[in-house]
Amino acid sequence: NAGVMQNPRHLVRRRGQEARLRCSPMKGHSHVYWYRQLPEEGLKFMVYLQKENIIDESGMPKERFSAEFPKEGPSILRIQQVVRGDSAAYFCASSPPGTRDNEQFFGPGTRLTVL
Amino acid sequence: SQQGEEDPQALSIQEGENATMNCSYKTSINNLQWYRQNSGRGLVHLILIRSNEREKHSGRLRVTLDTSKKSSSLLITASRAADTASYFCATVNAGGTSYGKLTFGQGTILTVHP
């Protein structure tokens, strides 16, 4: 059973471009979470999705950021018109349905660098 | 200050010594989890302790939880150089669904010297 997969692992964008980050949850997991980690800091929650639904987006910036988890295919975190402050590591995590404790399994992350 | 704050921020010890990291939080929780992150890598789940538990062991790891003080500690016994990493506590808040976000602390950077 493959773990959570994220791609690309590294992404370089110029200011104003779009960044698309992909996350494939573990097999059988229907809950996906996105977190952002700035240098020397802990992870900050961004959004929690189930298939075709956004459950909690309280951590998402109000503009330029969007997320989806379609019925088929990976979850996508999309950042439009990137700025230097968007440079960070973005982690995806997944958890199975019916779990009591919400243990989340993390992917290796996508490191976004905005030039 | 944030939910899930660890101290110390950095800890440097010799191989074979024990390492203790502490975490404090603010709100009522369902459970508290500890994760490890090696430099430049993703997070690895270490151990979970529920709000009705006081102590839990897993191999060389021992976690305690004091809900009256809203604090937890992670003890790594007989440390090894391979334990060098950042360690984060994360909480799942009580109330509502058991799913949802983890709230992470700032982390403790542990360095174990051979």
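What you are looking at is a predicted structure, and each value in this text was computed from that prediction instead of being measured.

What counts, and at which threshold
Residues numbered from 1 in each chain as written. Chains lettered and ligands numbered in written order. Predicted model: local features only at pLDDT ≥ 70, side-chain atom pairs only at ≥ 80, totals over all residues. Heavy atoms only, no water. Helix = DSSP H or I, 4+ residues; strand = E, 2+ residues; numbered from the N terminus. Rg over C-alpha atoms; globule rule 2.2 N^0.38 Å. Buried < 20%, exposed > 50% of the residue type's maximum accessible area, 1.4 Å probe, protein only. Contact = heavy atoms within 4.5 Å. Areas by Shrake-Rupley, 256 points an atom, 1.4 Å probe, with all protein chains shown as cover. Lys, Arg positive; Asp, Glu negative; His and termini not counted. Charge placed at Lys NZ, Arg CZ, Asp CG, Glu CD. Disulfide = S-S within 2.5 Å. Buried area = accessible area lost by both parts, 1.4 Å probe. Salt bridge = Lys/Arg side-chain N within 4 Å of Asp/Glu carboxyl O. Polar contact = N/O pair within 3.5 Å; in protein donor to acceptor, adjacent residues only side chain to side chain. Nonpolar A, V, L, I, M, F, W, Y, C, P; charged D, E, K, R; others polar. pLDDT = per-residue confidence, 0-100.

Let us look at the overall build of chain B. Looking only at helices and strands, chain B has zero helices and 11 strands in total. Helices and strands in chain B line up, N terminus first, as β-β-β-β-β-β-β-β-β-β-β. Relative to the globule expectation of 13 Å for 114 residues, the C-alpha radius of gyration of chain B, 14 Å, shows essentially globular dimensions. Along the first, second and third principal axes, the C-alpha atoms of chain B reach 45 × 30 × 25 Å. When each of the 114 residues of chain B is scored for burial, the buried share is 45%. Sequence separation of at least 24 residues holds for 57% of the intrachain contacts in chain B that already meet a minimum separation of 6. Of the accessible surface of chain B, which amounts to about 5,200 Å², a share of 45% is contributed by carbon and sulfur atoms. In chain B, 12 side chains carry a positive charge and 9 a negative one; their mean positions are 7 Å apart.

Counted by the stated rule, this structure contains two disulfides over all chains. The partner cysteine of A:C23 in its disulfide is A:C92, sulfur to sulfur 1.7 Å. When the S-S torsion is -50 degrees, as for the bridge of A:C23 with A:C92, the disulfide is left-handed. With a gap of 69 residues between them, A:C23 in strand β3 (residues 19-24) and A:C92 in strand β9 (residues 88-95) connect regions that are remote in the sequence. With its sulfur 2.0 Å from that of its partner, B:C23 forms a disulfide with B:C89. Between B:C23 and B:C89, the disulfide has an S-S torsion of 65 degrees and is therefore right-handed.

For the rest of this paragraph, the subject is the interface of chain A and chain B. The interface of chain A with chain B comprises 27 residues on the first partner and 23 residues on the second. Between chain A and chain B, roughly 2,000 Å² of surface is buried when both sides are summed, and carbon and sulfur atoms account for 48% of that area. If you look at where chain A meets chain B, you find zero salt bridges. Linking chain A to chain B there are four residue pairs in polar contact (both at pLDDT 80 or more). Elements with a minimum of two residues in the side of chain A that touches chain B: β4 (31-37) and β5 (43-50) of chain A. Looking at side-chain class alone, the side of chain A that touches chain B contains 10 nonpolar, nine polar and eight charged residues.

What follows deals with the confidence of the model for chain B. Chain-level statistics for chain B give a pLDDT mean of 89 and a share of 92% at 70 or above. Within chain B, no element has a lower average pLDDT than strand β1 (residues 5-7) of chain B, which sits at 77, and none a higher one than strand β7 (residues 61-66) of chain B, at 97.

The subject of this paragraph is the side chain of B:D83. Residues and elements named next belong to chain B. The topology assignment puts D83 in the loop between β8 (71-76) and β9 (85-93). In this structure D83 comes out as buried when scored by relative accessible area, which is 7%. Only 2.9 Å separates the side chain of D83 from the side chain of R60, close enough to count as a polar contact. Apart from residues lying up to four places away in sequence, D83 is in contact with R60, I76, L110 and V112.

Under the criterion given, the structure shown has six salt bridges over all chains. A:R78 is paired through a salt bridge with A:E18; the nearest N and O atoms lie 2.9 Å apart. With a gap of 60 residues between them, A:R78 in strand β8 (residues 75-79) and A:E18 in the loop between β2 (10-13) and β3 connect regions that are remote in the sequence. Linking B:R62 and B:E55 is a salt bridge whose minimum nitrogen-to-oxygen distance equals 3.2 Å. For B:R62, a relative accessible area of 30% corresponds to the partly exposed category. By relative accessible area, B:E55 is classed as partly exposed at 41%.

Looking at where A:Q37 falls in the secondary structure, it is placed in strand β4. Reaching out from A:Q37, the side chain makes a polar contact with the side chain of B:Q37 at a distance of 3.0 Å. With near-sequence residues (within four places) excluded, A:Q37 lies in contact with A:G42, A:L43, A:A88, A:A89, A:F91, B:Q37 and B:F88.

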